[in-house]
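Examining the three-dimensional arrangement
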Amino acid sequence: MPTSAWTPTARLRGLKPVWLNNPKVWRTEILAGLVVALALIPEAISFSIIAGVDPAVGLFASFTMAVVISVVGGRRAMISAATGAVALVIAPLNRDHGLGYLIAAVILAGIIQIALGSLGVAKLMRFVPRSVMVGFVNALAILIFTTQVPELRDVPWAVYPLLVGGLALMVFFPRITKAVPAPLVSIVILTAITVAAGIAVPTVGDKGELPSSLPVPGLPDVPFTMDTLTIIAPYAFAMALVGLMESLMTAKLVDDITDTHSSKTRESIGQGIANIVTGFFGGMGGCAMIGQTMINVKVSGARTRLSTFLAGAFLMVLCIVFGPVVSDIPMAALVAVMVMVSFATFDWHSIAPKTLKRMPAGEITVMVITVVVVVATDNLAIGVVVGSVTAMIIFAKRVAHLAHVSAVSDPDGTTVVYSVTGELFFASSNDLVGQFDYADDPDRIVIDLSAAHIWDASSVAALDAIETKYVQRGKTVEIIGLNDPSADLHGKLSGELTSH
């Protein structure tokens, strides 16, 4: 299967994607979309319950998010739908003010996401270290697994052999053929067994009633006043940030898996457009859905926008046309799929003893903190922020000691030359002032910065403080060797950073 939906020639000439004439790609994308749609149904219903809304609200959101993002998104084959993170953010708003305010917040969150995307917020992804990314992936795998645990508590004994059977099918069936996704085979077989044998186990239908018609567009039932804006704005902003962070992290993960590049700016704006459309169709909003994306990309092998579009389209078809059949799918079958996804998602190499021995302690610390915070808060966004800040602190502490000062006196004893090497910024420049002998140095001091670089105002202020201490003792200071960027910054700020 091609890793890109377009050849260079097709891009230049504006031709159709090459996969349009490839039956194998069509089969893979269609079946992947079907598997994802089946997995979306119980998840969307569960998230609706978390948000305190009718199951149809979550299902409509998953439908519109997937269909819209398949067209306007920046990452092919990534699945966006109603998510737990968004549900947790907007649940208090729905509880305190009702569904109308929730829908209005979803629309406003979409507008904020478009604004943030246009301002280039996606570029901040470059500051997420690899150790945070690994922690993010491992925490994600743990969360996927732990969210399935409630489905295995206080259930009939038949659930457990069904779960084992589903896992066995997904492990061994690909050895026979990969023409049909193993998760789909597992779902079909387990459903047939439970229906034919009349086995009483929890089913998709037990999660809630499926919608019987397509959503209808409309405006949220709220007064269009400043009071309404004041109420929904904090929730909308939080939803926008959480949704963008999860979506961009997921896009980066899919980039790595498929060895392809995606437009994070387009994805940010696309998430906003999808949420606005979802709001006008009465959905609860959402973002990239990491578990279902892994089913689509890693398990089913999808690579194009077709699978994303069909996941949303099949979702509505399954609910409206095949609702009674879908309701009979045992939850054990879907739990088996998600357990398999969690094991496939976890980066087992990152915790191998051989890897841990070679990895710097700081990198391991950042990875562990990211995992712990995500699992403790049940929020991937918070974990990524805490992990990134921790990584920055460790990095700053590490490079703070890279600035060194050495002194060489002239033979005549009238001049001393201090050679400064390293990167000068707020952390490393703090100790700079104490490395000069102000009392015993001769009358002329030369500070050679040819092996250093000035990065910020803190470093300029430190150099000013050094010069001031010498001047107070009647000595002269000359700074030489500045590279062009350092000289420019020093020239602009020197003497301007104190109030006197």
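Our structure is the block above this text.
The rules we used
- Residues numbered from 1 in each chain as written.
- Predicted model: local features only at pLDDT ≥ 70, side-chain atom pairs only at ≥ 80, totals over all residues.
- Heavy atoms only, no water.
- Helix = DSSP H or I, 4+ residues; strand = E, 2+ residues; numbered from the N terminus.
- Buried < 20%, exposed > 50% of the residue type's maximum accessible area, 1.4 Å probe, protein only.
- Contact = heavy atoms within 4.5 Å.
- Areas by Shrake-Rupley, 256 points an atom, 1.4 Å probe, with all protein chains shown as cover.
- Lys, Arg positive; Asp, Glu negative; His and termini not counted.
- Charge placed at Lys NZ, Arg CZ, Asp CG, Glu CD.
- Core = buried A, V, L, I, M, F, W, Y, C linked by side-chain atoms within 4.5 Å.
- Expected span 1.5 Å × (residues − 1).
- Pairing = 2+ DSSP bridges.
- Right-handed = clockwise from strand over helix to strand, strands pointing away.
- Phe/Tyr/Trp six-rings, centres within 6.5 Å; stacked < 30°, edge-to-face > 60°.
- Patch = residues over 30% accessible without salt bridge, like charges linked within 9 Å, V, L, I, M, F, W, Y side chains within 5 Å.
- Salt bridge = Lys/Arg side-chain N within 4 Å of Asp/Glu carboxyl O.

Turning to the overall build of the chain, a few remarks are in order. Secondary structure assignment for the chain yields 19 helices and 6 strands. Referenced to the eigenvectors of the C-alpha coordinate spread, the extents of the chain come out at roughly 100 × 60 × 55 Å. Taking all 500 residues of the chain together, 52% fall into the buried category. Look at the contacts in the chain between residues 6 or more apart in sequence, and 83% of them connect residues 24 or more apart. Of the roughly 22600 Å² of accessible surface on the chain, a fraction of 65% belongs to carbon and sulfur atoms. The chain carries 31 positive and 35 negative side-chain charges, and their two centres are separated by 13 Å.

The next point concerns the nonpolar core. The biggest cluster of nonpolar side chains holds 110 residues, and the ones touching the most others in it are Ile-41, Leu-59, Phe-136, Met-284, Ile-295 and Leu-315. A per-element tally of this core places helix H2 (residues 23-51) first, with 12 residues.

What follows concerns unusual backbone geometry. Of note in the backbone geometry, Ala-77 takes a positive phi value of approximately 75° without being a glycine. One can find Ala-77 in the loop between helix H3 (55-72) and strand S1 (80-81). Judged by its relative accessible area of 2%, Ala-77 falls in the buried class. The backbone phi angle of Asp-154 is positive, close to 50°, even though this residue is not glycine. Here Asp-154 is to be found in the loop between helix H6 (130-146) and helix H7 (159-176). Here Asp-154 falls in the exposed class, since its relative accessible area comes to 84%.

Residues separated by three or four positions in an α-helix point in the same direction, a consequence of the helix having 3.6 residues per turn. Taking 1.5 Å of rise per residue, 17 residues should cover 24 Å, and helix H10 (residues 264-280) covers 25 Å from first to last C-alpha, within 8% of that figure. Inspection of H10 places Lys-264, Glu-267, Ser-268, Gly-270, Gln-271, Gly-272, Ala-274, Asn-275, Ile-276, Thr-278 and Gly-279 among the buried residues, and these make up the whole buried set. Its buried side turned inward, H10 meets H3, S1, helix H5 (99-118), helix H9 (226-258) and strand S2 (287-288).

So, on to the pairing of strand S6 (residues 476-480). One ladder, built from 5 bridges, connects strand S5 (residues 444-454) with S6; its direction is parallel. If you follow Val-446 over to S6, its bridge partner there is Glu-478. For the segment spanning S5, helix H18 (residues 457-471) and S6, crossover handedness is right-handed.

Attention now moves to the packing of aromatic side chains. If you walk through the whole model with that rule in mind, you get 8 aromatic pairs. Aromatic side chains Tyr-418 and Phe-436 sit 4.4 Å apart centroid to centroid with 55° between the ring planes, which places their arrangement in the tilted category. Of this pair, Tyr-418 sits in strand S4 (residues 415-424) while Phe-436 sits in the loop between S4 and S5; the two residues are 18 residues apart in sequence, bridging distant segments of the chain. Phe-436 matches Tyr-418 in its accessibility class, with the two residues each being buried. Between Phe-436 and Tyr-470, the aromatic rings sit 6.4 Å apart at their centres with planes inclined by 85°, giving edge-to-face as the arrangement. Highlighted residues: Phe-436 in the loop between S4 and S5 and Tyr-470 in helix H18, separated in sequence by 34 residues.

Right, let's talk about the pairing of strand S3 (residues 404-409) for a bit. With 6 bridges connecting them, S3 and S4 associate as antiparallel partners. Among the inter-strand pairings, Ala-407 is bridged to a residue of S4, identified as Tyr-418. The turn linking S3 back onto S4 is made up of 5 residues, and Gly-413 within it adopts a positive phi angle of 80°.

A cluster of nonpolar side chains, namely Phe-145, Phe-343, Trp-348, Ile-351 and Leu-356, defines an oily patch on the protein surface of about 470 Å² accessible area. Relative to the elements of secondary structure, Leu-356 occurs in helix H15 (residues 353-358). Owing to a relative accessible area of 32%, Leu-356 belongs among the partly exposed residues under this scheme.

All right, on to the side chain of Thr-355 then. Relative to the helices and strands, Thr-355 resides in helix H15. Overall, Thr-355 belongs to the buried group, its relative accessible area being 10%. Not counting the four nearest positions on each side in its chain, Thr-355 is found in contact with His-349 and Ser-350.

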